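Close look at the chain arrangement
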Amino acid sequence: MPSVTELGYLGLSVTNLAAWRTYAAEVAGMEVVDDGEGDRIYLRMDAWHHRIVLHAGEVDDLAYLGWRVGDPIEFEAMVGKLSAAGIAVTVASDAEARERRVLALAKLVDPGGNPTEIFYGPQVDAHKPFHPGRAMFGRFLTGSEGLGHCILRQDDVAAAASFYGLLGLRGSVEYHLHLPNGMVASPYFMHCNDRQHSIAFGLGPMEKRINHLMFEYTHLDDVGLAHDIVRERQIDVALQLGKHANDQALTFYCANPSGWLWEFGWGARKAPKQQEFYTRDIFGHGNEAQGYGMDVPLM
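Please read these numbers as outputs of a predicted model, since none were measured by experiment.

1. Points about the sheet that holds strand S2 (residues 31-33)
- Pairing in this open sheet of eight strands is mixed, and the strands run S2-S3-S4-S1-S5-S8-S7-S6 from one edge to the other. The two strands at the open ends of the sheet, each matched to only one other strand, are S2 and strand S6 (90-91).
- Judged from the three bridges that link them, S2 and strand S3 (residues 40-44) form a sheet pairing that is antiparallel. By the bridge assignment for S3, Glu31 is matched with Arg44.

2. Details of the pairing of S3
- Of all the five residues making up S3, five are buried; the element is thus mostly covered by neighbouring parts of the structure.
- Burial along S3 is two-sided: Arg40, Tyr42 and Arg44 and Ile41 and Leu43, pointing in opposite directions, are all buried.
- With antiparallel pairing between neighbouring strands as the criterion, S2 and S3 make up a hairpin whose turn holds six residues, including Gly36 at a positive phi of roughly 80 degrees.
- Pairing analysis gives four bridges linking S3 to strand S4 (residues 52-56), with the strands arranged antiparallel. Its bridge partner lying in S4, Arg40 is registered against His55.

3. Brief notes about helix H2 (residues 72-84)
- Taking 1.5 Å as the rise per residue, H2 with 13 residues should run 18 Å; its terminal C-alpha atoms sit 18 Å apart, in good agreement.
- Those residues of H2 lying buried are Phe75, Met78, Val79, Lys81 and Leu82. All buried residues of H2 fall inside an arc of 165 degrees around its axis, so they share one side. Facing away from the buried side of H2, by more than 90 degrees, are the exposed residues Ile73, Glu76 and Ala84.

The rules behind each value
Residues numbered from 1 in each chain as written. Predicted model: local features only at pLDDT ≥ 70, side-chain atom pairs only at ≥ 80, totals over all residues. Heavy atoms only, no water. Pairing = 2+ DSSP bridges. Helix = DSSP H or I, 4+ residues; strand = E, 2+ residues; numbered from the N terminus. Buried < 20%, exposed > 50% of the residue type's maximum accessible area, 1.4 Å probe, protein only. Expected span 1.5 Å × (residues − 1). Arc of directions from axis to C-beta.

Here is the structure:
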């Protein structure tokens, strides 16, 4: 059965491209690519043409996310599988695929209303070395694990789990967090490769489609540098430095120019073969800046 292999790219709608250009390069260390299109810039994390597209828009939110399949045979099989399941899916035009820098593209919407794309054949600029936007000790961890993970808005967790299961992701509840009000938070995590999870949902009501995007450095010192830069520039930190129980990554969460969160991380373990659950993180992740939807330190 066809399955997606990675979270390949994201498109973000942003109202301040200039602020994002500075933030992505000088804080995170991503390479900014401007192809002169005027309404967008691209962020590189590796040899791909881009992993993130920043589209100038009237809102600050997720615009789309792209899931990779291996080849044209897998692509056709996935489109057929989705259609047979009663999911509306549209194969994009050649021009639309070229715009995404891929060989083929299909568009659909997940149960939470998040624009979703299936693609194969990303443009890899092997002739162009990755050049970070600031000095880095290492690089971003991508490769077969994709660009990172994101937490999405989903009103119906069961429907979302079924949808992403159809794409080939596997997942489960990994945290049982007892809240002060007596309720238990049980977010749902899903993976499609060795990355411990590529998406999660079940955080409750969310203003935006996306709560946060996590990306991972290959060197611990790059998390430290990012943390120093964030503190020096007085960027809001929503969750302080800490270590997760599920992926065991050392991370912190800070605001981006669009008012949601980027999670800077290092040292995550690979996806386990069997189910576990946890009642808290290993250490840290204390709440700091409020209002970013992370008042309970879950991930």
